Amino acid sequence: PRPVAPAVVMSFETTAPTRRHFTLAAIVMTLIAVYGSLLPLEPKAVPFDKAVQQFQQVPYLSLNIYRRADLIANGILFVPLGFLWLAAIDVDRRSIVTGWQAVPVIAAGLALLIVLLEFAQIWFPPRTVSQNDMLAEAGGSVVGMLIWLTVGRMVVSWLRRMWQPSAAVLLPRR
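Just so it is clear, the structure is predicted and the values come from calculations on it, not from any experiment.

Visitor: Whenever I open this one, the overall build of the chain confuses me. Can you help?
Guide: When its secondary structure is counted, the chain shows five helices and two strands. Walking the chain from its N terminus toward its C terminus, one meets helices and strands in the order β-α-α-α-α-α-β. Per-residue burial for the chain yields a buried fraction of 34% across its 174 residues.

Printed below as a string of structure tokens:
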């Protein structure tokens, strides 16, 4: 007969969602944002120097009903990015200070992504490159980070309780 291995108790802090889950979700959401920002994927030839010149003169567009809807969509697209990237850094940290310290780093990274996406749209007509889009996306990123900072840890706790049959899971030791 095979001996039975003693059980190892894992606390719910090590169950999903973990830093890896949030990192994977952030990467997937970033790829979705890139894909969605470049649709339709029909590039046109634009010399790089002309693209730079065009980007230096990015307009701030007047907002008609269609532009407002596009602006809201751009903002909403970046809310989960702010939330997920900050969660990937802050989840399971003991101090709330870690999240606040990570905000400038995440904000800078997302700002770079926003600028690069808007710049890349020059090669993907009929995409519209505008300051409005960049501001909406930056605003969405900030909202996502604020959501994480205010309720993120509570949401993780709630999810872990929902996914657990009890406060601890017994797993066989290897």
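Visitor: Is there a simple way to think about the packing of aromatic side chains in this case?
Guide: Remark: the centre distance and the inter-plane angle together describe each pair of aromatic rings, the angle taken between the planes. On inspection of all chains with the given rule, the structure shows six aromatic pairs. Between Phe-22 and Trp-148, the aromatic rings sit 5.7 Å apart at their centres with planes inclined by 70 degrees, giving edge-to-face as the arrangement. On the criterion of sequence distance, the pair formed by Phe-22 in helix 1 (residues 19-38) and Trp-148 in helix 5 (residues 131-163) is long-range, its members being 126 residues apart. Each member of the pair, Phe-22 as well as Trp-148, carries the same accessibility label: buried. Centre to centre, the rings of Phe-55 and Phe-119 are 5.3 Å apart; their planes meet at 80 degrees, and the pair counts as edge-to-face. In this pair, Phe-55 sits in helix 2 (residues 48-56) while Phe-119 sits in helix 4 (residues 97-120), placing the two residues 64 residues apart along the sequence. Of the two residues, Phe-55 and Phe-119, both sit in the buried class.

Visitor: Just to check I follow, could you spell out unusual backbone geometry for this structure?
Guide: Outside of glycine, negative phi angles account for most residues, and trans bonds account for most peptide bonds. Here the bond from Ala-16 into Pro-17 is cis, since omega is -5 degrees, no more than 30 degrees from zero. Mapped onto the elements of the fold, Pro-17 is located in the loop between strand 1 (7-11) and helix 1. The phi torsion at Asp-92 lies on the positive side, around 65 degrees, for a residue other than glycine. For Asp-92, the location among the structural elements is in the loop between helix 3 (65-90) and helix 4.

Visitor: Looking at this structure, I do not really get the side chain of Ser-37. What am I missing?
Guide: Locating Ser-37 in the fold gives a position in helix 1. If we skip the residues at most four places from it in the chain, Ser-37 touches Leu-77, Leu-117, Gln-121 and Arg-127.

Visitor: I would appreciate a short explanation of the pattern of salt bridges in the present structure.
Guide: Oppositely charged side chains can form a pair if their charged atoms are brought close together. In the structure shown here, the tally under the stated rule is two salt bridges. A salt bridge links Asp-92 to Arg-160; the shortest N-O distance between them is 2.8 Å. Of the two residues, Asp-92 is situated in the loop between helix 3 and helix 4 and Arg-160 in helix 5; the sequence distance between them amounts to 68 residues. Given the relative accessible area of 3%, Arg-160 is considered buried.

Visitor: Mind showing me how you'd approach a nonpolar patch on the surface here?
Guide: Together, Ile-96, Val-97, Trp-100, Val-142 and Leu-146 make up a nonpolar patch on the protein surface, roughly 460 Å² of accessible area in all. When residues of the nonpolar patch are traced back to their parent elements, those giving at least two are helix 4 and helix 5. Take Leu-146: it is sitting in helix 5. For Leu-146, a relative accessible area of 42% gives the class partly exposed.

The rules behind the values
- Residues numbered from 1 in each chain as written.
- Predicted model: local features only at pLDDT ≥ 70, side-chain atom pairs only at ≥ 80, totals over all residues.
- Heavy atoms only, no water.
- Helix = DSSP H or I, 4+ residues; strand = E, 2+ residues; numbered from the N terminus.
- Buried < 20%, exposed > 50% of the residue type's maximum accessible area, 1.4 Å probe, protein only.
- Phe/Tyr/Trp six-rings, centres within 6.5 Å; stacked < 30°, edge-to-face > 60°.
- Contact = heavy atoms within 4.5 Å.
- Salt bridge = Lys/Arg side-chain N within 4 Å of Asp/Glu carboxyl O.
- Patch = residues over 30% accessible without salt bridge, like charges linked within 9 Å, V, L, I, M, F, W, Y side chains within 5 Å.
- Areas by Shrake-Rupley, 256 points an atom, 1.4 Å probe, with all protein chains shown as cover.

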